[in-house]
Amino acid sequence: MGSQTLQILRQGVWAALSGGWYYDPHQATFVNALHLYLWLFLLGLPFTLYMALPSSMIIVAVYCPVIAAVFIVLKMVNYRLHRALDAGEIVDRNANEFTDQRSKTEQGNCSTRRKDSNGPSDPGGGIEMAEFIREATPPVGCSSRNSYAGLDPSNQIGSGSSRLGTAATIKGDTDTAKTSDDISLSLGQSSSLCKEGSEEQGKFSSTLYETGGCDMSLVNFEPAARRASNICDTDSHVSSSTSVRFYPHDVLSLPQIRLNRLLTIDTDLLEQQDIDLSPDLAAPYGPTEEAAHKVKHYYRFWILPQLWIGINFDRLTLLALFDRNREILENVLAVILAILVAFLGSILLIQGFFRDIWVFQFCLVIASCQYSLLKSVQPDSSSPRHGHNRIIAYSRPVYFCLCCGLIWLLDYGSRNLTTTKFKLYGITFTNPLVLISARDLVIVFTLCFPIVFFIGLLPQVNTFVMYLCEQLDIHIFGGNATTSLLAALYSFACSVVAVALLYGLCYGALKDSWDGQHIPVLFSIFCGLLVAVSYHLSRQSSDPSVLFSLVQSKIFPKTEEKNPEDPLSEVKDPLPEKLRNSVSERLQSDLVVCIVIGVLYFAIHVSTVFTVLQPALKYVLYALVGFVGFVTHYVLPQVRKQLPWHCFSHPLLKTVEYNQYEVRNAATVMWFEKLHVWLLFVEKNIIYPLIVLNELSSSAETIASPKKLDTELGALMITIAGLKLLRSSFSSPTYQYVTVIFTVLFFKIDYEAFSETMLLDLFFMSILFNKLWELLYKLQFVYTYIAPWQITWGSAFHAFAQPFAVPHSAMLFVQAAVSAFFSTPLNPFLGSAIFITSYVRPVKFWERDYNTKRVDHSNTRLASQLDRNPGSDDNNLNSIFYEHLTRSLQHSLCGDLLLGRWGNYSTGDCFILASDYLNALVHLIEIGNGLVTFQLRGLEFRGTYCQQREVEAITEGVEEDEGFCCCEPGHIPHVLSFNAAFSQRWLAWEVIVTKYILEGYSITDNSAASMLQVFDLRKVLTTYYVKGIIYYVTTSSKLEEWLANETMQEGLRLCADRNYVDVDPTFNPNIDEDYDHRLAGISRESFCVIYLSWIEYCSSRRAKPLDVDKDSSLVTLCYGLCVLGRRALGTASHHMSSNLESFLYGLHALFKGDFRISSIRDEWIFADMELLRKVVVPGIRMSIKLHQDHFTSPDEYDDPTVLYEAIVSHEKNLVIAHEGDPAWRSAVLANSPSLLALRHVMDDGTNEYKIIMLNRRYLSFRVIKVNKECVRGLWAGQQQELVFLRNRNPERGSIQNAKQALRNMINSSCDQPIGYPIFVSPLTTSYSDSHEQLKEILGGPISLGNIRNFIVSTWHRLRKGCGAGCNSGGNIEDSDTGGGPSSTSNSATTANDPHSSASQGSTGNPGQAPGAGLHPPVTSYPPTLGTSHSSQSVQSGLVRQSPARASVASQSSYCYSSRHSSLRMSTTGFVPCRRSSTSQISLRNLPSSIQSRLSMVNQMEPSSQSGPACVPHGLPSSSSSSQSIPACKHHTLVGFLGTDGGQSCAADVQPGSTSSPANNSHAKKGEVIYRVQIVDPGQILDGINLSKRKELQWPDEGIRLKAGRNSWKDWSPQEGMEGHVIHRWVPCSRDPGTRSHIDKTVLLVQIEDKYVTVIETGVLELGAEV
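Just so it is clear, the model here is predicted, and its values are computed rather than measured.

## Quick word on the overall build of the protein
From N to C terminus, the protein includes 55 helices and 29 strands. Taking all 1666 residues of the protein together, the buried fraction comes to 56%. For the protein, contacts bridging at least 24 residues in sequence account for 74% of all contacts bridging at least 6. For the protein, the exposed area adds up to about 71100 Å²; of that, 59% sits on carbon and sulfur atoms.

## Some thoughts on the packing of aromatic side chains
For any pair of aromatic rings, the description consists of the separation of the ring centres together with the inter-plane angle of the planes. Counted under the stated rule, the structure contains 61 aromatic pairs. Residues Phe 477 and Phe 492 carry aromatic rings whose centres are separated by 5.9 Å and whose planes lie at 70 degrees to one another, so their mutual orientation is edge-to-face. Of this pair, Phe 477 sits in the loop between helix H17 (461–475) and helix H18 (485–511) while Phe 492 is found in helix H18, placing the two residues 15 residues apart along the sequence. For Phe 477, a relative accessible area of 8% corresponds to the buried category. Here the aromatic residues Tyr 425, Phe 742, Phe 746, Phe 747, Tyr 751, Phe 754, Phe 763, Phe 764 and Phe 769 are joined through ring pairs into a cluster of three or more. Geometry around Tyr 839 places Arg 841 over its ring, the cationic atom sitting 3.9 Å from the centre. One cation-aromatic arrangement involves Arg 937 over Trp 1275; the distance from NZ or CZ to the ring centre is 5.1 Å.

## Examining a negative patch on the surface
A contiguous patch of negative charge, built from Glu 960, Asp 961, Glu 962 and Glu 968, is present on the exposed surface. Mapped onto the elements, Glu 962 comes out in the loop between helix H32 (945–955) and helix H33 (978–985). Classification of Glu 962 as partly exposed rests on a relative accessible area of 36%.

## A short note on the packing of helix H27 (residues 758–786) against helix H29 (residues 809–822)
When two helices pack together, their arrangement is captured by the angle between the axes and the distance separating the axes. Their axes nearest at 9 Å, the elements H27 and H29 cross at an angle of 140 degrees. For the element pair H27 / H29, the angle class is oblique. In this structure, H27 crosses over H29, and the sense of that crossing is right-handed. Here Lys 771, Glu 774, Leu 775, Lys 778, Leu 779, Val 782 and Tyr 783 of H27 come into contact with H29, specifically with Leu 812, Phe 813, Ala 816, Ala 817, Ser 819, Ala 820 and Phe 821. Counted by class, the contact of H27 with H29 contains ten nonpolar, one polar and three charged residues.

## Some remarks on the sheet that holds strand E29 (residues 1659–1664)
An order of E28-E27-E26-E25-E29 is seen for the five strands of this open sheet, with the pairing classed as antiparallel. Bordering the open sheet on either side are strand E28 (1650–1655) and E29, each of which pairs with just one other strand. Each strand axis lies, on average, 40 degrees off the axis of its neighbour in the sheet, ignoring direction. As paired elements, strand E26 (residues 1618–1625) and strand E27 (residues 1642–1647) share five bridges and run antiparallel to each other. Paired with His 1623 across the bridge in E27 is Leu 1644.

## Focus on the pattern of salt bridges
One pass over the full model with this rule turns up 50 salt bridges. Here Arg 901 and Asp 896 are joined by a salt bridge, their closest N and O atoms 2.9 Å apart. The buried category is assigned to Arg 901, whose relative accessible area is 9%. Of the charged contacts, one joins Asp 1154 and Arg 1156 as a salt bridge, the two residues approaching to 2.7 Å between their closest N and O atoms. Arg 1156 gets classed as partly exposed once you look at its relative accessible area, which sits at 41%. Each of Asp 1062, Asp 1064, Arg 1127, Arg 1161 and Asp 1162 takes part in a single network of salt bridges with overlapping partners.

## Concerning the confidence of the model for the protein
With 72% of its residues at a pLDDT of 70 or more, the protein has an overall mean of 75. Predicted confidence for residues 95–293 stays below pLDDT 50, and this span has 375 contacts to residues more than four positions away or in other chains. Segment residues 1367–1566: pLDDT under 50, and 324 contacts once partners within four positions in sequence are set aside and those in other chains are kept.

## A word on the packing of helix H21 (residues 575–606) against helix H24 (residues 671–703)
Closest axis-to-axis distance for the H21/H24 pair is 11 Å, and the angle between their directions is 45 degrees. With respect to their mutual orientation, H21 and H24 come out oblique. Our pair here, H21 against H24, has a crossing hand that is right-handed. Between H21 and H24, the residues in contact are Tyr 601, Ile 604 and His 605 and Asn 685, Ile 686, Pro 689, Leu 690, Leu 693 and Ser 697, respectively. In the contact of H21 with H24, the residues fall into six nonpolar, three polar and no charged.

## With respect to the environment of Gly 456
Among the structural elements, Gly 456 can be located in the loop between helix H16 (449–455) and H17. Distance from Gly 456 to Gln 1280, taken between C-alpha atoms, is 9.0 Å for residues 824 residues apart in sequence. Setting aside chain neighbours within four positions, we find Gly 456 in contact with Ser 381, Ser 382, Ser 838 and Tyr 839.

## Regarding the nonpolar core
When a protein is soluble and globular, its nonpolar side chains tend to lie buried together. The biggest cluster of nonpolar side chains holds 123 residues, and the ones touching the most others in it are Leu 889, Trp 902, Leu 924, Phe 1087 and Leu 1121. With twelve residues, helix H39 (residues 1113–1132) is the largest single contributor of residues to this core. In contact with Leu 924, not counting residues within four places along its chain, are Leu 893, Leu 897, Tyr 905, Ser 906, Thr 907, Gly 908, Asp 909, Phe 911, Val 932, Thr 933 and Phe 934. Among the nonpolar cores identified, the runner-up in size contains 61 residues, and Leu 537, Phe 672, Leu 696 and Phe 763 belong to it.

## Quick look at unusual backbone geometry
Geometrically, the link from Gln 614 to Pro 615 is a cis peptide bond, its omega value of 0 degrees lying close to zero. Mapped onto the elements, Pro 615 comes out in the loop between helix H22 (609–612) and helix H23 (616–640). That bond from Gln 1312 to Pro 1313 is cis: its omega, 5 degrees, falls within 30 degrees of zero. Residue position: Pro 1313 is located in the loop between helix H45 (1303–1308) and strand E19 (1319–1320). Residues other than glycine seldom take positive phi values, yet His 646 does so here, at roughly 55 degrees. With respect to the helices, strands and loops of the structure, His 646 is situated in the loop between H23 and H24.

Analysis parameters
Each chain carries its own residue numbering, running from 1 in the written order of its sequence. Given that the model is predicted, a residue must reach a pLDDT of at least 70 before its local features are reported, and side-chain atom pairs must reach 80 or more before they are shown or counted; all residues, however, enter totals for whole chains, interfaces and linings. Computation of side-chain values covers all heavy atoms of the structure but excludes hydrogens and water. A run of H or I in DSSP becomes a helix once it reaches four residues, and a run of E becomes a strand once it reaches two; helices and strands are each numbered from the N terminus. The classification of residues rests on relative accessible area computed with a 1.4 Å probe and restricted to protein chains. Under 20% of the type maximum is buried, over 50% is exposed, and intermediate values are partly exposed. Contact between two residues is taken to exist if any of their heavy atoms lie within 4.5 Å; hydrogens are not considered. Accessible surface is estimated by sampling points in the Shrake-Rupley manner with a 1.4 Å probe; for residues, cover comes only from the protein chains shown. Between 30 and 60 degrees the pair is tilted, below 30 it is stacked and above 60 it is edge-to-face, where a pair is any two Phe, Tyr or Trp rings, Trp via its six-membered ring, whose centres lie within 6.5 Å. Both a distance and an angle decide whether a charge sits over a ring: NZ of Lys or CZ of Arg must be within 6 Å of the ring centre and within 35 degrees of the ring normal. Each patch is built from residues that are more than 30% exposed by relative accessible area and take part in no salt bridge. Like charges join if they lie within 9 Å; nonpolar side chains (Val, Leu, Ile, Met, Phe, Trp, Tyr) join within 5 Å. Here a salt bridge means any side-chain nitrogen of Lys or Arg lying within 4 Å of a carboxyl oxygen belonging to Asp or Glu. As used throughout, the charge tally considers Lys and Arg to be positive and Asp and Glu to be negative, leaving His and the chain termini uncounted. We put the charge of a Lys on NZ, of an Arg on CZ, of an Asp on CG and of a Glu on CD. To get an axis, a line is fitted to the C-alpha atoms, and for a helix only the part in contact is used. The angle between two axes follows their N-to-C directions and goes from 0 to 180 degrees. Here roughly perpendicular refers to angles of 65 to 115 degrees, roughly parallel to angles under 35, roughly antiparallel to angles over 145, and oblique to all remaining angles. Handedness of a crossing follows from how the near helix is turned relative to the far one, being left-handed for an anticlockwise turn of less than a right angle and right-handed for a clockwise one. Following the grouping adopted for this structure description, the nonpolar residues are Ala, Val, Leu, Ile, Met, Phe, Trp, Tyr, Cys and Pro, the charged ones are Asp, Glu, Lys and Arg, and the polar ones are all others, Gly among them. Two strands qualify as a pair provided that DSSP identifies no fewer than 2 bridges between them. Confidence of the prediction at every residue is given by pLDDT, a number between 0 and 100. Buried Ala, Val, Leu, Ile, Met, Phe, Trp, Tyr and Cys residues that are joined via side-chain atoms within 4.5 Å together make up what is termed a nonpolar core.

Spelled out as structure tokens, the structure:
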């Protein structure tokens, strides 16, 4: 502890005060002396010149060239020396020999240091590390590490002057050195040879190469005999294709800690492979006994082409002297900044801004700024990362130049003021006294630079630029938060361009004539464009990367060439394309909407409504915005909270899901959610624009008058104020109503004399209120954190700091006000009650774009996958859940926020989503008009003890608390007790929702050991394994090719013998069902006895069945594959299948695809490796699922038909893959309904196998809103504690649980390595256009294409309605379209889906019975987030193989169909057909089998039949394809579509019927009653029974009174309810009692004792009721 404190004082405190210089006892005297004299030179030179020379430009003329010369020489020499170490020649010389050994240096590529490969140090040869480094690219290590370390296998040790004997061994051009030497280190090594039995050398630990997380394990390519002869040799490699040999005996003399330091350089943290010069790395070695045999080496430093000198120190010594600037531009920038610091500093000195001791202080500041360019403070107090930070070196000189320039400008302005006065709110900003005061303040701030940088009040330069652009864009131009430096600059530039374009119109309008009743038309044009531009800017994300990608894809489309051999070729992330489509839709919508908005508001403004209706109009608008804002943003969110006003114990407005134990469907849209959406829409799109335009009209002339700001400045202020108010209202109107009401009351009633027109008042008050809200959040955080009755001391320091913080409360409040003004975090020091202000940060907070890279087979080497199974810990495997949760939020978050499901929200807010095992922090960064950019941080599933205590705090209920102070008298019903209400008010978080519904995956895991404990269960698994192989080989499209392959035939020649038996010892009678005990192996005969029937059945299901008998080639192939597969399982199990642990190990190896072909009898498989990839691997994976099914129904799969159908079903609905396979991640992100994997967990000493099953369903989350200043403060405190103060204590007090602030959960969500989240998502943008429920309320995007589709669909609906209303005939199709883009896209997608069942329904499965193809095939359509509830229900109903009532007539001629019709159509295997002119439907597009059956029905119809007609399956006639179906006989087609088997029963045909039998299909005595299921509650006619027009004639008056919401009371029909049809109204029926009032069939359904009237397309027929 003491040494760490001294190190912090030296490298932290003193170095921060001096600019980087400190005494380092670990370094040599030369290094410390050079640093000291250089720092004294930089300090004394300006001070001496100022004291010795007169205050004139002579000081500048002398000082600047000297500094320039010094820095040019130092930077050039430093750069050249690093280049020499990169690519220079290495020369060796003995300790007593100083002659030139030029001949030796010219013998090899690198130097004479390399021994012959067959020498004693390398018996047998091998690949040198230097060769590998020179010729190959660096391997990719884990955790994005791009650097690697190599050990030089020469038997020499570095000289005494060499720190760790480090030398570069690369020789070649500069490009090679740049790419491969970041950083290549060759270690000085002992020259002693490896001797057998030497105890001093010991064993070489493999952990030496694994300490830093970089995988250095290698595949052995050396023969076993060779390895045996070299006991001390260790084979290793650093790439998947090259074997590089390391000799551990050469490095045993080095301390292991130093080698670990060397091998674990994290280049990602060091930013482009800079080295953190640790004192341990530079510690010199003591003398050894072999000093006499040391060989000193040096590097040639070429001064001239023929002149060079020797450099005797190495890379670490050079890095200890000066920081490395890798690029020439960095060196140039450093020299320019040093000269600029000298110039500006000397200018201020000679102008007399400093006197007395302050001259020395100013020279100290100058020296610290210049010295940081040579040797910077590492780590700096404002550095956001561990290790060497290159950017932080430029902070001091840049800020110094800015401050000096500001001092000079303010002084110049105070002495050269114009006569024009700029006065606002009584403050004259052009007063010289104001400018002089500002100048003196900046001078004092500059003199305090050492203290400022020690405390860390100024960030690094790029962070400051991003922060400055973001703050200006938000508070001046009304923009949104930004996600990166590029986004900040882009957004700021867009705002400036918009202001520049609008300024010209405003200036021209203000130059025009104004009077009391006339406003220039140009100003009306300006107002219309202002609203349109503000609307467009508010809807655009600040990140231009997606927009640039969209433009690039349109202009330069990429044609990706897929390699079929690449297993990753099919893995494609759908998110980028989805984001591009969303941006494209928004741009197309803005093109239309902006024009409409501009014209509309221009028309409103030019109508003089803002002049004629004054002053009544403005008070009406103020009252309206106050009422709407109060209801929308205060009342509704409060009554929907879990604890409204912290008084009630449950929400006053509850959702449908609130009382449901398990939610099975998406959240239902409630009436108050629709009310919230419409109020929000009216507020931000109508009320606020009208208020701003009203203030523009009334204030513009006053602002532009000479008494105020004059025309030029007035036009600029009007443009900026209008743009800011409109953009902020469009983007985040949550607290705008408070600002408007307070401004009106303050400047109209209290202090009217101070008003500077309402437009400017609103502009400045909006900025002030933003800061006041931030101050309020900070004070709430401080109060709740230090409240004495709930303080949690995490360490002794906390208990010590608590009482000392009380006297400094006043200073705390001053800090809170200052930090609120600058938007800086207020962080608790070391987690205690002492608060300090951190440096400014953008809303994004973290400077690094850190996001989790999941470890799988796509980013790890094959050797590590086979040996150690990387990424097998639970945290890495479980991170996929958070990644899928991020995708779900990307789809629905913005829409849910607009629906009010997360309560009030604003920029920078933080929420916690808590479920059974998922705990994620969601950080809202950018909030725009219809878009939200967020970042999700997933915490550990099995968190620490502190995390579990805080999870309990946010999940436990407080409704049962009955305490009142010290007693428990109880509480009023539905109201919290006094204690509960009091405790809820002293929390930095609150529960918003307890049942937030989001689509995700539920995980179930079963122990594989318990499922395979006994031999019988393993035998079942092996049997399914064999049957799986047979299934996949017989269903493969390459089966004929394999059977004809001569190589395979030759390899299987022995297996073709009927008497052949494989007696491999790996076969076990306990687990192989076909084991032949007589022959002690698996014979072909025993194999056929067990599996021949299964082979025959699988072959019969093929489209072209093959000949199957005991001697067939197919049986031979199956036998060979099954023997190979089981032998591979035995080999992977180390031939110990009887041992459960070995069996599980082998099973897992095969599951992930690690097949070892160990027998020469199995080498025929190499003729086509597809047999392994497409047959054996799927076989072992499918066997695990079938083995799981075996427990529920042990004997079910004995039937080949059931087993075959089960495998087919699992193939369609289940993804079985290893969790390290990229296909697993792709399947999860593609919303696959179910997934299965075999997981091997090796974490914290556990070694177990689990069968993981994922099922997609709707999850219920608790949404907890956390005080955003609490989150920012705790994050800032953790960063400072771990980076600057170097606290490495894993149980430090700042991460102990504090339930009132959720301290542990927040701190553990920091970026790694500061926190330890298992997943951090990239910044993700969610758009409201992807939320289907919101689109149903407000409609989809308004684009030209959607408008065209709406017009066309409306025209067709009108034609159809007019035709259906005529009794003389017409179009009676029962389809209808919504006219929106969703209906057309759904129909088109279903019709064009290549995987739809249209092709499967006509042909059936291979070997299927003749009539089986008529049955509607079972096709799984997993519902996505974009699918409506009704669509999902229809799909789920179809999976149950219910006969669908979908007529072909439900497709219109342009495929504009409803969702339900299109879904039912696609699942029955039909394609949409054209509508004929005679209102009939052609049979040409129907399958021939259906045409045949329909033709037979047409022939039967005229004849009178008394009962159901059973029509046998017939062949199609020659003329059946040209027949057509009368429109009145659509029901017949419907009946056939739902018929199973080879027969059809026409139950609806009645004797003597002259019209459609459907017209008489209402329930009568003796008729068959059909059951239906409601799939779309939106098509229920719940008020038709009370209609005064009496559209329908009811069968009974009593039923009419009960068939509506007036009789249902609290009951309402829901999706999924079932009932039976008791009456049917059909369009154009001649019987008034069965005639529908619309062009759709209407059903009267009885559900229990309730009656429901519903349109036929809103139900799904389940069949006849038995």
